[in-house]
Amino acid sequence: MQKPTVKVACVQYSSDLGAVEANRSKLLAACETAAANGAKIVVLPEMAITGYLSQDLETNWHKPPRPQAYEHSKNPKGFAETCPGPSTELFAQAAKRLSLYITVPLLEVEERTNEAGETLTTYYNTAAVVGPTGEFLGRYRKNNPWPTPEQSYATHGTDELVIDTEYGKVGVAICFDIHTMLARYARHHIWALLYPIAWVGEPKGWFREGLPEMLAKCKVPHYIFGANWSTDKEEEWPGAGWSFVMGPWGRLVGGLDKGTGDDILYADVPYTPKEEQEKANNSDGSKPQGKTLDLDMYERLCSHQRYWYDEKTGKIVHKRPW
């Protein structure tokens, strides 16, 4: 018997650094378009609401006195927002109206007061998820911020985010997390990974060759919905575009083959209905083991790609600083 399918939309749109209102409007319009074309799950690019880097790759967010590797800096104060907050509320309203699951990727700010009465400000590269009931379903803070730009402002997250949908369990990871988080999600037996991206590096070679090969070798058993950023015009640096939907073992289900201009990738992805999932459970209600990630292979292939900016020492380290 053929499984039912759900339409997924990976939004490959550009953003302008700090143009929060304009970015929100553009991305909300993309959600409208995706819903009109039958999508039920929409993935937006990494930090698309706030902007990740300027499109010419010359301006980066900067929280002094952290190091800065880019020519121009923009202070995130006044641009970053709480989560939940204004953007998640806006996209939750759209999700309810359009019957969608939507990732809401932004630069998050968290403020707290220490014992001395000082206000401490922390920034996170965050992707929230809102659902078709209009609920805020959770937030995921990037566990493995890419040090080159993100050492200038971002603090790492520590947790996974797993959401139980009618299509199956979904997890969330962001860009450079691909070398770390698949192992952490393996125990959750997810159906799909929602994967916002702002890639810097040769995209075609990685998204069509290197990544699928790695996923196949590691026997990754779930889908990955990858929405990468784009640029408005051809830039001198590689990395934009080539968004994808991959199935188990890195099988390409669908992909875009460009990096400039705004586009949306659609794919019809099979799922097991919830009642059938429950019938397949063990007598104690637990999930059957099924196919799992080859953790040893994942460690061998990805451990060298794991490095973090340690806020305490100000150095790049190859061991989690938490």
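### Considering the overall build of the protein chain
Working step 1: Summing up its helical and strand segments, the protein chain has 7 helices and 16 strands in all.
Working step 2: Against the compact-globule benchmark of 20 Å for 322 residues, the protein chain has a radius of gyration of 19 Å, which places it among compact chains.
Working step 3: When the backbone C-alpha atoms are referred to their principal axes, the protein chain occupies close to 60 × 45 × 40 Å.
Working step 4: Counted over contacts in the protein chain with a minimum sequence separation of 6, partners at least 24 positions apart contribute 69%.
Working step 5: With an accessible surface of roughly 14,200 Å², the protein chain has 49% of that area assigned to carbon and sulfur atoms.
Working step 6: One way to put it: in the protein chain the 35 positive side-chain charges average out to a point 5 Å from where the 41 negative ones average out.

### Things to note about the sheet that holds strand E5 (residues 101–113)
Two pairing modes exist for strands in a sheet, parallel and antiparallel, and in both the strands are linked by backbone hydrogen bonds.
Working step 1: With mixed pairing, the 6 strands of this open sheet are ordered in space as E7-E6-E5-E2-E1-E14. Of all strands in the sheet, those with a lone pairing partner are strand E7 (136–141) and strand E14 (263–270), marking the two edges. Averaged over all pairs of adjacent strands, the angle between their axes in this sheet comes to 35°, without regard to strand direction.
Working step 2: Sheet topology places strand E2 (residues 41–43) next to E5; 2 bridges connect them, and they run parallel. Directly across from Val-42, in E5, lies its bridge partner Ile-102.

### A closer look at the confidence of the model for the protein chain
Working step 1: In this model, the protein chain carries an average pLDDT of 94, and 95% of its residues clear a pLDDT of 70 or more.
Working step 2: Mean pLDDT in the protein chain bottoms out at helix H6 (residues 274–280), which sits at 73, and peaks at E2, which reaches 99.

### Quick word on the sheet that holds strand E10 (residues 192–197)
Working step 1: An order of E8-E9-E10-E11-E12-E13 is seen for the 6 strands of this open sheet, with the pairing classed as mixed. Here the strands that pair on one side only, and so sit at the sheet edges, are strand E8 (162–165) and strand E13 (252–255). Strand-to-strand twist of the sheet, defined as the mean angle between neighbouring strand axes without regard to direction, takes the value 15°.
Working step 2: As paired elements, strand E12 (residues 244–246) and E13 share 3 bridges and run antiparallel to each other. Within E13, the residue paired with Met-246 across the bridge is Leu-252.
Working step 3: Contacts between helix H5 (residues 203–217) and the sheet are confined to E10, strand E11 (223–228), E12 and E13, with E12 contributing the most and set at about 25° to the helix.

### Some thoughts on the side chain of Thr-155
Working step 1: Within the secondary structure layout, Thr-155 lies in the loop between helix H3 (147–150) and E8.
Working step 2: What makes Thr-155 buried here is its relative accessible area of 10%.
Working step 3: Looking at Thr-155, its side chain comes within polar contact range of the side chain of Glu-311, at 2.8 Å.

### Concerning the nonpolar core
Working step 1: Counting residues in hydrophobic clusters, the biggest one holds 54 residues, and the most contacted among them are Trp-191, Leu-211 and Phe-225.
Working step 2: Once you skip the residues sitting within four places of it in the chain, Leu-211 turns out to touch Ile-178, Trp-206, Phe-244 and Met-246.
Working step 3: Formed by 28 residues, the second largest nonpolar core is a distinct cluster that contains Val-11, Ala-34, Ala-94 and Val-130.

### Thoughts on the pattern of salt bridges
Working step 1: In this structure the tally under the stated criterion is 18 salt bridges.
Working step 2: Residue Glu-110 pairs with Arg-141 through a salt bridge whose shortest N-O separation is 3.2 Å. A residue pair is termed long-range when its members are at least 10 positions apart, and Glu-110 in strand E5 and Arg-141 in strand E7 qualify at 31 residues.
Working step 3: With relative accessibility at 29%, the residue Glu-110 sits in the partly exposed group.
Working step 4: A relative accessible area of 15% places Arg-141 in the buried class.
Working step 5: Here Lys-258 makes a salt bridge to Asp-263, at a shortest N to O gap of 3.6 Å.
Working step 6: Via salt bridges that share partners, Glu-108, Glu-110, Arg-139 and Arg-141 belong to a single interconnected network.

### Notes on a negative patch on the surface
Working step 1: Taken together, Asp-56, Glu-58, Glu-71 and Glu-236 make up a surface patch of like negative charges.
Working step 2: As for its position among the elements, Glu-58 is in the loop between E2 and strand E3 (59–61).

### Topic: the packing of aromatic side chains
Working step 1: A full pass over the atoms with the stated rule returns 14 aromatic pairs.
Working step 2: Plain terms: the ring middles of Phe-207 and Phe-244 are 5.2 Å apart, the flat faces sit at 40° to each other, and that makes the pair tilted. Residue Phe-207 is found in helix H5, and its partner Phe-244 is found in strand E12; the two are separated by 37 residues along the sequence.
Working step 3: Phe-207 gets classed as buried once you look at its relative accessible area, which sits at 0%.
Working step 4: By relative accessible area, Phe-244 is classed as buried at 0%.
Working step 5: Centre to centre, the rings of Tyr-223 and Phe-225 are 6.5 Å apart; their planes meet at 40°, and the pair counts as tilted.
Working step 6: On the accessibility criterion, Phe-225 (0% relative accessible area) is buried.
Working step 7: Put simply, the rings of Tyr-101, Tyr-167, Trp-191, Tyr-223, Phe-225 and Tyr-271 pair up and form one aromatic cluster.

What counts, and at which threshold
By convention here, each chain's residues receive numbers from 1 onward along its written sequence. Residues qualify for local features only when their pLDDT is at least 70, as the model is predicted, and side-chain atom pairs are given and counted only at 80 or more; totals for whole chains, interfaces and linings, by contrast, use all residues. Each side-chain value is derived from all of the structure's non-hydrogen atoms; neither hydrogens nor water enter the calculation. Numbering of helices and strands runs from the N terminus, with a helix taken as a DSSP run of H or I at least four residues long and a strand as a DSSP run of E at least two residues long. Just to be clear, the radius of gyration here is over C-alpha atoms, and the globule rule we use is 2.2 Å times residues to the power 0.38. Two residues qualify as a contact provided that any one of their heavy atoms is within 4.5 Å of a heavy atom in the partner residue. What sets the accessible areas is the Shrake-Rupley method with a 1.4 Å probe; for residues, cover comes only from the shown protein chains. A residue counts as positive if it is Lys or Arg and as negative if it is Asp or Glu; His and the chain ends are not included. Here the site of a charge means atom NZ of a Lys, CZ of an Arg, CG of an Asp or CD of a Glu. Think of it this way: DSSP has to see at least two bridges between two strands before they count as a pair. A fitted line through C-alpha atoms serves as each axis, taken over the contacting stretch for helices, and the angle formed by two N-to-C directions is quoted from 0 to 180°. The pLDDT value expresses, per residue, how confident the predictor is, ranging between 0 and 100. The buried label goes to any residue with under 20% of its type's maximum accessible area, the exposed label to any with over 50%, and the partly exposed label to all in between, with areas taken from a 1.4 Å probe on protein chains only. Two N or O atoms count as a polar contact when they lie within 3.5 Å, although within protein this holds only if one can serve as hydrogen donor and the other as acceptor, and sequence-adjacent residues are included solely when both atoms are side-chain atoms. Think of a nonpolar core as a cluster: buried Ala, Val, Leu, Ile, Met, Phe, Trp, Tyr and Cys residues, connected wherever their side-chain atoms sit within 4.5 Å. Salt bridges are counted wherever a side-chain nitrogen of Lys or Arg sits within 4 Å of a carboxyl oxygen of Asp or Glu. Surface patches are drawn from residues lacking salt bridges whose relative accessible area is over 30%; two like charges belong together within 9 Å, two nonpolar side chains (Val, Leu, Ile, Met, Phe, Trp, Tyr) within 5 Å. Here the aromatic set is Phe, Tyr and Trp, taking the six-membered ring for Trp, and pairing holds for ring centres within 6.5 Å; pairs whose planes are under 30 degrees apart are stacked, those over 60 apart are edge-to-face, and all others are tilted.

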